[in-house]
Amino acid sequence: MPARLRTALVGLVALLTTAATVVAAAPSAATAPAAPGEQRPGWTVRPAPGDGSRPYAYAEGAPGAVLEDRLTVTNPGTAPLTVRLRPADEPEPNPARGAAKGVGRWIALAATAVTVPPRTRADVPYTLTVPADAAPGDHPAAVLATVVDDAEEHPAQTTALRIRLRVTGPALAALAVEGLAAEGATLRYTLVNRGNTVLEPRVHLTADGLLGTAFRRAARGVPAELRPGQRVAVSETWRGAPALDRVDLRVSATAAGDARAAAAVTVTFVPWGRLAIAVLLAAALALLARRAVRHRRGRAGPVPSAPHPGTERHPTRTGT
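Note that the structure is predicted; figures quoted are calculated from it, not measured.

S.K.: Explain the overall build of the chain to me, please; I cannot follow it from the model alone.
M.R.: When helices and strands are tallied, the chain shows two helices and 16 strands. Put simply, the chain has 320 residues, and 31% of those count as buried. Counting contacts in the chain only where the partners sit at least 6 residues apart, residues at least 24 apart contribute 69% of the total. Counting every atom, the chain has about 20,400 Å² of accessible surface; 58% of that belongs to carbon and sulfur.

S.K.: What should I look at first to understand the side chain of Arg227 in this one?
M.R.: For Arg227, the position within the fold is in the loop between strand 13 (212-218) and strand 14 (231-237). Sequence-distant contacts of Arg227, that is, excluding residues within four places in its chain, are made with Glu90, Glu92, Pro140 and Asn193.

S.K.: Looking at this structure, I do not really get the pattern of salt bridges. What am I missing?
M.R.: A side chain of one charge can pair with a side chain of the opposite charge when the charged atoms of the two come close. Applying the stated criterion across every chain, the model contains 13 salt bridges. Of the charged contacts in the structure, one is a salt bridge between Glu236 and Arg217, with a shortest N-O distance of 2.7 Å. On the criterion of sequence distance, the pair formed by Glu236 in strand 14 and Arg217 in strand 13 is long-range, its members being 19 residues apart. The two residues Glu236 and Arg217 agree in class, both being buried. Each of the salt bridges in this network shares a partner with another, and the network as a whole consists of Arg162, Arg164 and Glu225.

S.K.: What should I look at first to understand the sheet that holds strand 9 (residues 158-167) in this one?
M.R.: Two strands in a sheet stick together by hydrogen bonds in their backbones, pointing the same way (parallel) or opposite ways (antiparallel). Across the sheet, five strands lie side by side as 2-9-8-4-6; this open sheet has mixed pairing. Each end of this open sheet is capped by a strand with a single partner; those strands are strand 2 (57-61) and strand 6 (113-116). Going from strand to strand, the sheet's axes swing by 25 degrees on average, the running direction of each strand aside.

S.K.: Just checking my understanding: could you explain the sheet that holds strand 5 (residues 107-109) for this structure?
M.R.: Reading across from one edge, 1-3-7-5 is the order of the four strands in this open sheet, with antiparallel pairing throughout. Each edge of the open sheet carries a strand with a single partner, namely strand 1 (44-47) and strand 5. Strand-to-strand twist of the sheet, defined as the mean angle between neighbouring strand axes without regard to direction, takes the value 30 degrees.

S.K.: Just checking my understanding: could you explain the confidence of the model for the chain for this structure?
M.R.: In low-pLDDT regions, the fine details of the predicted coordinates are not to be read closely. Residues of the chain with pLDDT of at least 70 account for 69%, and the chain-wide mean is 78. Below a pLDDT of 50 lies the segment residues 1-39, which in the model reaches 21 contacts outside its immediate sequence neighbourhood of four places, other chains included.

S.K.: For this particular structure, what's the right way to read the nonpolar core?
M.R.: Looking at soluble globular proteins, one finds that nonpolar side chains tend to be buried together. Core analysis: the biggest nonpolar cluster contains 30 residues, and Leu71, Val83 and Tyr126 have the highest contact counts within it. Where this core is concerned, the elements lending two or more residues are strand 2, strand 3 (66-75), strand 4 (81-88), strand 5, strand 6, strand 7 (120-129), strand 8 (137-147) and strand 9. In terms of nonpolar packing, the next biggest core, distinct from the first, is built from 25 residues, Leu180, Ala207, Trp238 and Ala253 among them.

S.K.: Looking at this structure, how should I read unusual backbone geometry?
M.R.: Glycine aside, negative phi is the norm for most residues, and most peptide bonds take the trans geometry. Residue Pro49 is reached from Ala48 by a cis peptide bond, and omega for that bond is 10 degrees. Its location among the elements puts Pro49 in the loop between strand 1 and strand 2. A positive phi angle, near 55 degrees, is found at Arg119, a position not held by glycine. Its location among the elements puts Arg119 in the loop between strand 6 and strand 7. The phi torsion at Asp258 lies on the positive side, around 60 degrees, for a residue other than glycine.

S.K.: Would you explain the pairing of strand 14 in this entry?
M.R.: Note on strand geometry: in a regular strand, side chains alternate between the two faces of the sheet. The two faces of strand 14 differ: Val232, Val234 and Glu236 on one face are buried, but Arg231, Ala233, Ser235 and Thr237 on the other face are not. Pairing of strand 11 (residues 186-193) with strand 14, which is carried by seven bridges, proceeds in the antiparallel orientation. The residue bridging Val192 from the neighbouring strand is Arg231, located in strand 14.

S.K.: It is not clear to me how the side chain of Asp138 should be interpreted in this structure. Could you clarify?
M.R.: Within the secondary structure layout, Asp138 lies in strand 8. Polar contacts involving the side chain of Asp138 include one to the main-chain amide nitrogen of Val198, which spans 2.7 Å. Every residue in contact with Asp138, bar those within four places of it in the chain, is listed here: Leu165, Arg166, Asn196, Thr197, Val198 and Pro228.

S.K.: What is the right way to look at the environment of Pro91 in this model?
M.R.: By the element assignment, Pro91 lies in the loop between strand 4 and strand 5. The spatial distance from the C-alpha of Pro91 to the C-alpha of Leu161 is 7.0 Å, given a sequence separation of 70 residues. For Pro91, the residues in contact, after removing those within four places along its chain, are Ala142, Leu144, Ala160 and Arg162.

Reading the values: rules and limits
Residues numbered from 1 in each chain as written. Predicted model: local features only at pLDDT ≥ 70, side-chain atom pairs only at ≥ 80, totals over all residues. Heavy atoms only, no water. Helix = DSSP H or I, 4+ residues; strand = E, 2+ residues; numbered from the N terminus. Buried < 20%, exposed > 50% of the residue type's maximum accessible area, 1.4 Å probe, protein only. Contact = heavy atoms within 4.5 Å. Areas by Shrake-Rupley, 256 points an atom, 1.4 Å probe, with all protein chains shown as cover. Salt bridge = Lys/Arg side-chain N within 4 Å of Asp/Glu carboxyl O. Pairing = 2+ DSSP bridges. Axes fitted to C-alpha atoms, helices over the stretch in contact; angles between N-to-C directions. pLDDT = per-residue confidence, 0-100. Core = buried A, V, L, I, M, F, W, Y, C linked by side-chain atoms within 4.5 Å. Polar contact = N/O pair within 3.5 Å; in protein donor to acceptor, adjacent residues only side chain to side chain.

Structure, rendered in structure tokens:
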């Protein structure tokens, strides 16, 4: 083997050995602590046992019942994790709303703060006390969990444990579609839950025009669920709206429990800009045609006038 080739191979083997040693000595990204300014990875707050088998906490009881459950805070990191807990009326964190004023006040936590050691989890019991005068149906609530950290090291992080409480009694699933309107190619309407159960609406749109069916499809932007009494405004843009047609738009909404609702509106699409241009062109062409006719008559000279009735001259006959 030539000396130069042997030297190159030895250098390549040494380089690969050094690279492998550096990779083996580097800390794993999954176990490295979060750097300043980064969020702590992986921590969760879920219904016990915290393995994700329950997407939300569910409880059911009659008015006056006291229901018990547990939530689990999991810390997969390498440093202790301190979390503050507080009841809320809805899962969306909103500091402006302050303390719970509705169903969230029915929740009593065994602890409002918990510190979880690295790579472990902690359970926090809580109770739901259903008022004696609670209305039957679904009553959503939540427990908000916020990581306690130095603001200079980690930004605030808040997540929610969703709770769905069902008070026994007659259940009513009722859905409404209100305020359907079309402004050009923009369709707007409002979905309203008029019952006492949480609904997962499915909405279908139909557009039938004089020139044929425009589309039949599922609506976009529909909320995943509607809480009792909740109203959600929905709007979407009709891509490919006709330039000229008269269209009947229909919104049909359904949900479990045989909840059905529909609304319809008629929309006329007229290309006013193009129409105005066409009218102006037609007027200009008519004016040009009129001027052309007058010009031709002027070049042909005056037209001889017809004799007045009764003044015709007849040839004189002479006798022979």
